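# Residue-level structural notes
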Amino acid sequence: MRCTLISLSLLSGTLAARPFLDEPDTGFDMFFSNLATGQLAPLDQLVGLPDFEAAAKRYLPIANYTYYRNGAAGEWSFRNNLEVFYRYPLRPRTMVDTSNVQSTLPTTILGYNFSAPFFITSAARAGLGNPAAERGLVEAAAAENILYVPSLYATLSIPEIASYKAPSQVTFQQAYLDPSNDTATKLVFDQAKAAGSKAIVFTVDAPAEGNRQRADRYDASEAVLPFTAITWDYYDHLKTLTDLPIILKGIQTVEEAQAAVAHGVPAVYLSNHGGRQVDGSRSPLEVAIEIRAQAPEVFTQTEVYADGGVRYGGDVVKLLALGVRAVGIGRPFMYANVYGTEGVTRAVQLLKREVALDAANAGVADLKNIDPSYVIWKQSCALD
Ligand SMILES: Cc1cc2nc3c(=O)[nH]c(=O)nc-3n(C[C@H](O)[C@H](O)[C@H](O)COP(=O)(O)O)c2cc1C
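These numbers come from a predicted model, not from an experiment.

Here we take up the overall build of the protein. Each helix and strand counted, the protein has 16 helices and 9 strands in total. For 384 residues, the compact-globule estimate of 2.2 N^0.38 gives 21 Å, and the protein sits close to it at 20 Å. Its C-alpha atoms give the protein principal-axis dimensions of about 55 × 55 × 40 Å. Looking at the protein as a whole, 54% of its 384 residues qualify as buried. Taking all contacts inside the protein whose residues are at least 6 apart in sequence as the whole, residues at least 24 apart take part in 74%. Side chains of the protein carry 32 positive and 40 negative charges; the gap between the two charge centres is 3 Å.

By size, the foremost hydrophobic cluster in this structure holds 99 residues, and its most contacted members are L46, F52, F118, L270, F333 and L367. Counting residues per element, this core draws most heavily on helix α16 (residues 341-361), which supplies 8 residues. Setting aside its immediate chain neighbours within four residues, L46 contacts F28, F32, A41, D51, F52, A55, Y339, R346 and L350. Counting 15 residues, the second-largest nonpolar core is a separate cluster that includes V149, V201, A267 and A326.

All right, on to the side chain of N80 then. Relative to the helices and strands, N80 is located in helix α5 (residues 76-83). In contact with N80, not counting residues within four places along its chain, are R87, S283 and E286.

Okay, the pattern of salt bridges next. Tallied over the full model, the rule gives 11 salt bridges. One salt bridge in this structure joins R135 and E139, with 2.8 Å as the shortest N-O distance. With R135 and E139 both in helix α6 (residues 135-144) and 4 residues apart, the pair spans about one turn of that helix. A relative accessible area of 33% places R135 in the partly exposed class. Taken together, the shared-partner salt bridges connect R69, E75 and R214 into one network.

By the alternation rule, side chains of strand β9 (residues 326-329) split into A326 and G328 and V327 and I329, which are all buried. Bridge count between strand β3 (residues 118-120) and β9: 3 bridges; the pairing is parallel. The residue of β9 that forms the bridge with F119 is G328. Note that strand β8 (residues 303-307) and β9 share 3 bridges and pair parallel. When the sheet's bridge partners are listed, D307 is paired in β9 with G328.

Turning our eyes to something else, we now look at helix α11 (residues 254-262). For α11, the set of buried residues is V254, A257 and A260. The buried side chains of α11 occupy one side of the element, clustering within an arc of 120° when seen end-on. Contacts from the buried residues of α11 go to α10 (232-238), β6 (246-251), β7 (267-270), α12 (284-294) and α13 (298-301). Looking one or two residues beyond α11, the residue adopting positive phi is G264, at roughly 75°.

To continue, consider the packing of α6 against α16. Here α6 crosses α16 at 45°, and the two axes come no closer than 8 Å. Here α6 lies oblique to α16, going by the angle between them. α16 is crossed by α6, and the crossing has right-handed handedness. Within the contact between the two elements, α6 uses R135, G136, L137, E139, A140, A143 and E144 and α16 uses T341, V344, T345, V348, Q349 and K352. Among the residues making up the contact of α6 with α16, the classes are represented as 5 nonpolar, 4 polar and 4 charged.

Conventions used here
Residues numbered from 1 in each chain as written. Predicted model: local features only at pLDDT ≥ 70, side-chain atom pairs only at ≥ 80, totals over all residues. Heavy atoms only, no water. Helix = DSSP H or I, 4+ residues; strand = E, 2+ residues; numbered from the N terminus. Rg over C-alpha atoms; globule rule 2.2 N^0.38 Å. Buried < 20%, exposed > 50% of the residue type's maximum accessible area, 1.4 Å probe, protein only. Contact = heavy atoms within 4.5 Å. Lys, Arg positive; Asp, Glu negative; His and termini not counted. Charge placed at Lys NZ, Arg CZ, Asp CG, Glu CD. Core = buried A, V, L, I, M, F, W, Y, C linked by side-chain atoms within 4.5 Å. Salt bridge = Lys/Arg side-chain N within 4 Å of Asp/Glu carboxyl O. Pairing = 2+ DSSP bridges. Arc of directions from axis to C-beta. Axes fitted to C-alpha atoms, helices over the stretch in contact; angles between N-to-C directions. Parallel < 35°, antiparallel > 145°, perpendicular 65-115°, else oblique. Left-handed = near helix turned anticlockwise from the far one by under 90°. Nonpolar A, V, L, I, M, F, W, Y, C, P; charged D, E, K, R; others polar.

In structure tokens form, the structure reads like this:
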């Protein structure tokens, strides 16, 4: 305990002295110095997920960019989601044959086969980035065989998105639900099922509208949610309204992960909504560490997914090491969707390559057998 406190206080001093870099400097500005505002950087010259944000920021109207970029209040949680990965370094191994690591990327999510342990998570209003809206996201997910979870607040309707699906493509449907209106809830469930969705992803971390000051400046806030009463009793009731599995998205403590297991959830999805709901909420990486420390059995009792701030292959590797089965990515794919299907496809391909490269360089032979000892998750204390 003592060494943890010392290391955290040193760390906060270091962080206080250093300004937050909205976009890491990997040379984008220098390389694209001739790019005028409103011009789109050539897709084949983008080399990683952060480049898609840099490109979209220069291309999109400011209000549209702000809708994607914004976080709650002073955006501490937004920044922390990005920066937290560097507070929990990798412990790379050498003398390991990692030559086949690429073949270990494919995984199952809720029993369905996908080519990578990451997915395109729910983000509303793709139409703000591209007139074809969600089409680019669903088509790229099909092309690359990764999971896509459309938002209930998508620009396109559930049937419209389904019309762009490939014949055997598996998607899950995200939902915000109103506990006082079962008729509306049933409609969403039935539409999702008719569209071929294999699961409902019920978002429970947004029982009220987020306090979003950056977005309010541009009138770019989310659709207004009422204050809602989401409880375990309501979750149990929901299971009587559909035979689709209902995953809970937005779990943020070990106790709630344990309660979710007790309520028979098919999967627990750790998320703080990309820092858009309550500022001060922890990154899902920190929540995964809490579960690993206090109730590691959760990772075997149910599937655990996580999202928030994932931008590099190494971020994915760290979450997998802690026991997360699949990692969601929100903003980067919305920015990639400015280029449509081709852009999202390229972003997925770049991340697949990075996950394999970073795993290999960390000495991981098989991503399915990675374990927590690859991450220093107990701060400066030994891995005892
Ligand atoms: C523009 C935007 C819209 C979002 N809309 C939804 C939504 O409709 N439903 C939901 O459950 N989460 C929504 N989220 C949260 C994402 O599902 C996800 O938790 C978050 O984006 C992950 O963080 P990342 O953007 O750093 O990857 C949204 C996020 C963004 C950035």
